[in-house]
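# Observations on the model geometry
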Amino acid sequence: MARSSLTLGPSLAERARRPSALVARNFFVQVRAVPYVWASGLLEPILYLLSIGIGIGHLVGKVPGPGGALVPYAAFVAPGLLATSAMNGAIYECTTNIFAKLHWAKLYDAVVATPLGPTDIAVAEVGFATFRCFLYAGVFLATMAALGDVRSWWAIMCLPAATLVGAAFASAGFAASCFMRSWTDFDKVQMVAMPLFLFSATFYPLSELPRWLQLVVEALPLYPGVALCRQFSLGHPSASAFGYIIYLSVLALLAGEVSRRRVTKLLTP
Amino acid sequence: MSTGTRVSARGLRKSFGDFTAVDGIDFEVRAGEVFGFLGPNGAGKSSTMRMVGATSERTGGELSVLGLDPSHDGATIRSRLGVVPQEDNLDLELSVSDNLFVYGRYFGIPRRELRARIVDLLHFARLSERATEKVDNLSGGMKRRLTIARGLVNEPELILLDEPTTGLDPQARHLLWDRLYSLKQSGVTLVLTTHYMDEAEQLCDRLVVMDKGHIIAAGSPRELVDRYATKEVVELRFPAGEARRALEEVDGLARRVEALADRVFLYTDDGDETAEEVAHSGLRPTSTLVRRASLEDVFMTLTGRQLDD
C-alpha cells in the first residue's frame, strides 16, 4: 500500500475530511432527532425583535444611530439583538453540549480512537456552532428586512459579522467547557452572558453613558459585535469596523488555541 | 521489527506527574495471536493500551505499532486499529446501526461500502433485529457486542480490547468469548487486558502479568502455571483472621504455602494426598477444596496478593 502521507503528514483533503465527519454526525443527530432545538433557536430572537422593537419602539421613538442621525428605536435595537442571538446560539451549542459529550456521554473518547484527533474535535464543534449562528443570522436578518429595520445594502455584511461573533463565542464557550468540572459551573456562563446582553450598548446608544463607563462597555466582548452589526444594518460603516473585526478574530483564535490545548490534555492524557 | 510483529515495546514508560503508571516494560505481540495483559486494577494495563492505541503519548522508551511510531503516525495507526474501550462509549443519540455508520464515517469509509459492512457487522454481533433501536434500550451484553462490532468497522489489522467482559453476566461473557474466538479464527491479532484469570486462560495464546507498572511474568497460560504454580492447589477456608495462624501448622505439608486473611493455599502436585495430610494434622478448616492451579495462583505466587483485590 502506498502511503506517502507517512512522511509528509496527512494531505489537506484528509485534514479537512476528519472534522467534517464529526460535523456531519452533529447534523445527523440534530436534524433528525431535535428539530425543535433549531426552531426555538430561530424563534427566540425573533420574538425579542417583535416585542422590544415594536412594543418598546413605540414608546421610545427615535434614538441617535452610528452616524449621529436619528433612527427609529426598532431599527436601532435590531442589530444589537442580532449580535446577541449569535452569541447565545454559540454559547448554547458550545457549552453544556460540549461538557456532556466530554464527560457524560464520553463521545469524544470514542472519537479519538479513530483517525480524528482532539484538534479535529475542537475544529468540528466550533465550526458546527458557527455554522448554526450563520443560519440563524440569515433568518434573523431576513426578518429585520421584512420589518423595515434594514436601512442599507451594507446590511448584508451583518451576516459575516454575526458569524464572526458566533465563531468568537463558540471558541470561548468550548474553551470554558473544557475547564468546567460540574453542571453547576454553567451558572457562571449565564452570569457572564446575561450582563453582556444587557450592557453591551444593545438597548441604548453608548453616548448615554459617562465616558469611563463607555470605555468599560467597549472592552466587553459582545460590544464589537453589536457595534459592527449596527454600523452595517444602518448603513454607516466606519474605520472602527476594522478594530472590531480584529478584536473578534483575536478572541476567536486565542480561545481556539486554549480549546485545542486543553481538549488535547483531557482526551489524550 | 520482523514482519510477523504487530506491536513491540522496549523500556516503555508512562508517568502522570510524580506517578509512574507504566515503568519500563518490554513486550512483543505477534501477528495472528491473542495477547493478554493480566493484572489487578492500577497495574498499568489501560495506560499501556492507550499508548498502543495512539491516544496517549509515551513518556519514554520505544514503541512500534503496525511498524509505525505512535508519536508521529498516530492517525495512520488509529485508522488501522479496532478499539474496544473499558467503558462503553456508544453514541447515545444514535440508533444501533447509525452508531456503526457514523463511526465508519470517522474513518472516511465510503457510504455505500459502509452500508454493506454494517449488515455483516450486525449479524456478527447478533444485533440484526435491533438495528433501528436506540442504544440505551440494549442490555449490557448487547452494548458490548455493538462496541466490538463498531471496533471492526474499519476492518482493523489489530484489535485492542480493554477489559472486554467486565460487568457482564456469565451468559453474556460466554457469548462474547465465542465472538472473540471467531475473530481470532479469522486471523485478526487481538490484544486484551483483563483481571479475570479464566478469561486469560480461555482466550490468550500468550500473556504478560503486570503489577505496579511492571511486567512480572510472561508466557502462555499453561507455561505460567507450570512455572509459577504446582499442578494442584488445596484451598483451606478459615474464619476471618485465623488463616495466618494456620499457616505455621501446614508448613511442610506442601511445596509452598500462601495465606490470605480467610484462606490458606497449599501448592502441591497431588491435591488429594495433601488434603489427607491436613486432615491428619488435626487442623479444622471450615472447608477444604482441591482444584487445578490457575493463573490466579501464578499471580498469588508472584505478589502474595489476589488479582481482583
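Residues numbered from 1 in each chain as written. Chains lettered and ligands numbered in written order. Predicted model: local features only at pLDDT ≥ 70, side-chain atom pairs only at ≥ 80, totals over all residues. Heavy atoms only, no water.

### A few points about the overall build of chain A
Short version of the rule: Helix numbers and strand numbers start at the N terminus; a helix is a DSSP run of H or I with at least 4 residues, a strand a run of E with at least 2. Each radius of gyration reported is based on C-alpha atoms, and the globular scaling rule is 2.2 Å times the count of residues to the power 0.38. Accessible area is worked out with a 1.4 Å probe on protein chains only. A residue is then buried under 20% of its type maximum, exposed over 50%, and partly exposed in between. Any two residues whose heavy atoms approach within 4.5 Å are treated as being in contact. Throughout, the Shrake-Rupley method with a 1.4 Å probe supplies accessible areas, and for residues the shown protein chains are the sole cover considered.
Along its length, chain A carries 12 helices and 2 strands. Counting helices and strands in the order they occur from the N terminus, chain A gives α-α-α-β-β-α-α-α-α-α-α-α-α-α. The globule rule puts the C-alpha radius of gyration for 269 residues at 18 Å, and the 20 Å found for chain A is close to it. Taken over the C-alpha atoms alone, chain A extends approximately 70 × 40 × 40 Å along its principal axes. When the 269 residues of chain A are sorted by exposure, 50% land in the buried category. Of the contacts made within chain A by residues no fewer than 6 positions apart, 76% connect residues no fewer than 24 positions apart. For chain A, the accessible surface area stands at approximately 12400 Å², while carbon and sulfur atoms represent 70% of it.

### Notes on the interface of chain B and chain A
Many analyses report the size of an interface as the accessible area lost when the parts associate. Worth spelling out the cut-off: By buried area we mean the combined loss of accessible area, with a 1.4 Å probe, across both parts when two parts are placed together. The working definition used for a salt bridge is a side-chain nitrogen of Lys or Arg within 4 Å of a carboxyl oxygen of Asp or Glu. Identification of polar contacts relies on pairs of N or O atoms within 3.5 Å, with a donor-acceptor requirement for protein atoms, meaning one able to donate a hydrogen and the other able to accept it, and with residues adjacent in sequence counted only if both atoms are side-chain atoms.
In this complex, chain B contributes 29 residues to the contact, which on the side of chain A involves 26 residues. Together, the buried faces of chain B and chain A total about 2300 Å²; carbon and sulfur atoms form 61% of this surface. Of the charged contacts in the structure, one is a salt bridge between D91(B) and R25(A), with a shortest N-O distance of 2.7 Å. Taken together, the connections running from chain B to chain A amount to 10 residue pairs in polar contact (both at pLDDT 80 or more). Where the side of chain B that touches chain A is concerned, the elements lending two or more residues are strand 1 (5–16), helix 2 (70–79) and helix 3 (96–106) of chain B.

### Quick word on the side chain of S47(B)
Residue and element names in this part refer to chain B. Relative to the elements of secondary structure, S47 occurs in helix 1 (residues 45–52). Exposure remark for S47: the relative accessible area of 10% places this residue in the buried category. Beyond its immediate sequence surroundings of up to four residues, S47 is in contact with F16, A21 and V22.

### Structural notes on the pattern of salt bridges
All names here are of chain B. Inspection of every chain in the model, using the stated rule, returns 32 salt bridges over all chains. For E133, the salt bridge identified is with R130, shortest N-O distance 2.9 Å. Since its relative accessible area comes to 24%, E133 is described here as partly exposed. For R130, a relative accessible area of 28% corresponds to the partly exposed category. D205 is the salt-bridge partner of K184, the closest N and O atoms lying 2.6 Å from each other. Taken together, the positions of K184 in helix 6 (residues 170–185) and D205 in the loop between helix 7 (197–203) and strand 8 (206–211) put the pair 21 residues apart, joining distant regions of the chain. Residue classification places D205 among the partly exposed residues on the basis of a relative accessible area of 28%.

### As for the sheet that holds strand 8 of chain B
Remark on secondary structure: sheet strands pair via backbone hydrogen bonds, oriented parallel or antiparallel. All names here are of chain B. Note the cut-off: The criterion for strand pairing is that DSSP finds at least two bridges linking the strands in question. Note on method: axes are straight lines fitted to C-alpha atoms, helices fitted across the in-contact stretch only, with angles between N-to-C directions ranging 0 to 180 degrees.
Here we have 6 strands laid out as an open sheet, ordered 5-6-7-3-8-9, and mixed in their pairing. Only two strands of the sheet have a single partner each, and these edge strands are strand 5 (81–84) and strand 9 (214–219). The average undirected angle you get between the axes of adjacent strands in this sheet is 15°.

### Some points on unusual backbone geometry
The phi angle at A201(A) is positive, at roughly 60°, despite the residue not being glycine. Judged by relative accessible area, A201(A) falls into the buried class, the value being 4%. Despite not being glycine, E155(B) shows a phi value in the positive range, around 50°.

### Some thoughts on the side chain of Q30(A)
Residues and elements named next belong to chain A. Inspection of the secondary structure puts Q30 in helix 2 (residues 12–33). On the basis of relative accessible area, Q30 is assigned to the buried category, the value being 10%. Here E93 takes part through its side chain, which lies 3.5 Å from a polar atom of the side chain of Q30.

### Quick notes on the sheet that holds strand 4 (residues 60–65) of chain B
All names here are of chain B. The strand order 2-1-4 describes an open sheet built from 3 strands, whose pairing is antiparallel. At either end of the open sheet lies a strand with only one pairing partner, and these are strand 2 (19–30) and strand 4. On average, each strand axis in the sheet is tilted by 15° relative to the strand beside it, whichever way the strands run. Across the face of the sheet, helix 1 comes into contact with strand 1, strand 2 and strand 4 while running at roughly 60° to strand 2.

### Points about helix 10 (residues 271–280) of chain B
The periodicity of an α-helix, 3.6 residues per turn, causes residues three or four places apart in sequence to face the same way. All names here are of chain B. What counts is decided by this rule: The directions considered for the arc run from the helix axis to the C-beta atoms.
G271, T274, A275 and V278 are the residues of helix 10 that are buried. Seen from one end, helix 10 has its buried residues packed into an arc of 100°, which puts them on one side. Across from the buried face of helix 10, at angles greater than 90 degrees, the exposed residues are D272 and H280. Contacts made by the buried residues of helix 10 are with strand 10 (232–237), strand 12 (263–268) and strand 13 (287–292). Among the residues of helix 10, the N-terminal cap falls to D270, whose side-chain oxygen and the backbone nitrogen of D272 are separated by 3.3 Å. Downstream of helix 10 by one or two residues, G282 has phi in the positive range, about 90°.

Distances and angles like these do not, on their own, reveal function.
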